[in-house]
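# Observations on the three-dimensional arrangement
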Amino acid sequence: MSKAKEKTGAKRQAAYAERQRAQGRRQRSFWLTDTEYEEIVEKIEELRQCKSDGENEPIE
């Protein structure tokens, strides 16, 4: 790829942010312990899997 066509880091980040917004997501910041972070990541994966499966049941 020529230098003229390469995306800068800022352009890649902006494109990523736009793709996330297109999916209805917003960036959020939280203070978490490592354990809390891992639990949140697992829960998000579960929630997104249910959405992609078309399930509407809440996850407990």
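Structural data are supplied above this passage.
These numbers come from a predicted model, not from an experiment.

Criteria and cut-off values
Residues numbered from 1 in each chain as written. Predicted model: local features only at pLDDT ≥ 70, side-chain atom pairs only at ≥ 80, totals over all residues. Heavy atoms only, no water. 1 Å grid on protein atoms, 1.4 Å probe; cavity = no way out; pocket = protein on both sides within 12 Å on 5 of 7 lines; lining within 4 Å. Points joined across faces, edges and corners; volume = space filled by probe spheres on them. Helix = DSSP H or I, 4+ residues; strand = E, 2+ residues; numbered from the N terminus. Salt bridge = Lys/Arg side-chain N within 4 Å of Asp/Glu carboxyl O.

Of the pockets and cavities examined, the largest pocket occupies roughly 930 Å³. Lining of the largest pocket is provided by 19 residues; of these, R26, Q27, R28, I44 and R48 occupy positions nearest its centre. Contributions of two or more residues to the lining of the largest pocket are made by helix 1 (9-22) and helix 2 (34-53). Counting residues per element, the lining of the largest pocket draws most heavily on helix 2, at 7 residues.

The next thing to look at is the pattern of salt bridges. In a structure, side chains of opposite charge can pair up when their charged atoms sit close to one another. The final tally for this structure, using the stated rule, is 2 salt bridges. R21 serves as the salt-bridge partner of E18, at 3.4 Å between the closest nitrogen and oxygen. Here the residue E18 and the residue R21 both occupy positions in helix 1, the gap between them amounting to 3 residues, near one helical turn. The residue K43 makes a salt bridge to E46 at a minimum N-O spacing of 3.7 Å. Taken together, the residues span about one helical turn, with K43 and E46 both in helix 2 at a distance of 3 residues.

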